[in-house]
Amino acid sequence: MNIIMLGAPGAGKGTQAAVLCEHFGIPTISTGNMIREALKNGTEMGLKAKSYMDDGKLVPDEVVIGIVKERLSEDDCKKGFILDGFPRTIPQAEALDAMGVEIQYVINIDVPDETITKRMSGRRVCENCGRPYHIESLKPAKDGVCDDCGGTLVQRKDDHPDTVLARLAVYHKETEPLAEYYRKQGKLVNVAGKDTVAATTEAVLKAIEA
Ligand code: ADP
Ligand code: ZN
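Procedures and definitions
- Residues numbered from 1 in each chain as written.
- Chains lettered and ligands numbered in written order.
- Predicted model: local features only at pLDDT ≥ 70, side-chain atom pairs only at ≥ 80, totals over all residues.
- Heavy atoms only, no water.
- Donors = N, O, S within 2.8 Å, 3.2 Å for Na, K, Ca; no water.
- Tetrahedral: all angles 85-135°; square planar, octahedral: opposite > 155°, others 65-115°.
- Helix = DSSP H or I, 4+ residues; strand = E, 2+ residues; numbered from the N terminus.
- Buried < 20%, exposed > 50% of the residue type's maximum accessible area, 1.4 Å probe, protein only.
- Axes fitted to C-alpha atoms, helices over the stretch in contact; angles between N-to-C directions.
- Parallel < 35°, antiparallel > 145°, perpendicular 65-115°, else oblique.
- Left-handed = near helix turned anticlockwise from the far one by under 90°.
- Contact = heavy atoms within 4.5 Å.
- Nonpolar A, V, L, I, M, F, W, Y, C, P; charged D, E, K, R; others polar.
- Core = buried A, V, L, I, M, F, W, Y, C linked by side-chain atoms within 4.5 Å.
- Polar contact = N/O pair within 3.5 Å; in protein donor to acceptor, adjacent residues only side chain to side chain.
- Pairing = 2+ DSSP bridges.

Enquirer: Teacher, can you tell me more about the coordination of the zinc ion (ligand 2) here?
Expert: In ideal tetrahedral geometry, four donors around a metal make angles of 109.5 degrees, whereas ideal octahedral geometry with six donors gives angles of 90 or 180 degrees. Within the first shell, the zinc ion (ligand 2) binds the protein through C126 (SG), C129 (SG), C146 (SG) and C149 (SG), at distances of 2.3 to 2.4 Å. Between the 4 donor atoms coordinating the zinc ion (ligand 2), the angles at the centre fall across 96 to 118°, so the site counts as tetrahedral. If you list the donors of the zinc ion (ligand 2) from N- to C-terminus, the spacing comes out as C-x2-C-x16-C-x2-C. Taken together, the residues span a long stretch of sequence, with C126 in strand 5 (residues 123-126) and C146 in the loop between strand 6 (132-134) and strand 7 (153-154) at a distance of 20 residues. As far as the burial class goes, C126 and C146 line up, both buried.

Laid out in structure tokens, this is it:
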């Protein structure tokens, strides 16, 4: 099963991807996490991406397309994968099609902008493995500590309010048109994501009949 998670920043793509990852036993490929990892490791790509990311802008298509292509060629992707945060532009979607990968479902998590801006201030992420949390709606067992790996939970620089607004604007302009792109391909499933995490998960699993 090959799945794409679509939706605004903070819509809950990563959270639902983690559920599907467990459910199907397939890896999540998060371009955001991969770029942050590259940055942490001080790679050339990471340094190049930093300025875009910190401003809430998209990293250039050719950079992300390159890292996704490489990642999808690894062995653990053979039995399926979940793409979280890619594609984010029409050229990225076209590049994915050109790679010859078959996508079964594109799950579009729909959340109003007002809800997004409220949510983002409480979002935390594991510094080590990238798993997302929320200080109210998705708490770890122990405050500030990742359930999966024991890593420290931090607030991302690009989750600060001004940057969130910039990211939302980019989302509406560049990423939202992908819903129509995949609707035409017959792959789009729309899921309401404004309520609880559990309600969204239920809707996601139902939509793909898992
Ligand atoms: P969110 O899903 O909350 O927006 P991500 O962690 O997926 O957060 O992405 C954070 C940032 O990483 C984006 O704002 C962008 O700068 C960069 N990025 C991630 N994926 C892509 C992509 N597919 N194309 C371009 N930039 C990307
Ligand atoms: Zn972790």
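Moving on from the model shown.
Enquirer: Teacher, can you tell me more about the packing of helix 4 (residues 61-72) against helix 5 (residues 90-98) here?
Expert: Axis angle and axis distance: for two packed helices, these are the angle between their axes and the distance between the axes, and together they describe the pair. One way to put it is that helix 4 packs onto helix 5 with a least axis distance of 10 Å and a crossing angle of 30°. Judged by the angle between their axes, helix 4 and helix 5 are roughly parallel. Handedness of the crossing formed by helix 4 with helix 5: right-handed. Each of D61, V64, I65 and L72 in helix 4 lies in contact with helix 5, whose residues at this interface are P91, Q92, A95 and L96. By residue class, the composition of the contact of helix 4 with helix 5 is 6 nonpolar, 1 polar and 1 charged.

Enquirer: I tried to follow the nonpolar core on my own but got confused; where do I start?
Expert: In globular proteins that are soluble, nonpolar side chains generally tend to be buried together. In this structure, L83, L96 and Y182 are the most contacted members of the largest nonpolar core, which totals 27 residues. Of all the secondary structure elements, the ones that give two or more residues to this core are strand 1 (2-7), helix 3 (44-54), helix 4, strand 3 (81-84), helix 5 and helix 8 (177-184). At 6 residues, helix 4 tops the list of elements feeding residues into this core. Not counting residues within four places of it along the chain, the set of residues in contact with L83 comprises I3, I4, M5, I29, V68 and L96. Within the second largest apolar cluster, 21 residues are counted, among which are A8, I109, V111 and V191.

Enquirer: Help me understand the environment of R167 in this model?
Expert: Note that R167 resides in helix 7 (residues 161-175). If near-sequence neighbours (up to four positions away) are discounted, R167 is found in contact with P9, G56, M120, R123, R156, D158 and D159. There is a polar contact of 2.9 Å between the side chain of R167 and the side chain of D159.

Enquirer: What exactly am I supposed to notice about the sheet that holds strand 6 here?
Expert: For sheets, the rule is that strands pair by backbone hydrogen bonds, running either parallel or antiparallel. Pairing is antiparallel in the open sheet, where 3 strands are placed in the order 6-5-7. Among the strands making up the open sheet, the edge pair consists of strand 6 and strand 7. Note: strand 5 against strand 6, 3 bridges, orientation antiparallel. Among the inter-strand pairings, R124 is bridged to a residue of strand 6, identified as Y133.

Enquirer: Would you explain the side chain of R71 in this entry?
Expert: Structurally, R71 can be placed in helix 4. Polar side-chain contacts of R71 include one of 2.8 Å to the side chain of D76. For R71, the contacting residues outside a window of four places in its chain are P27, I29, M34, D76 and C77.

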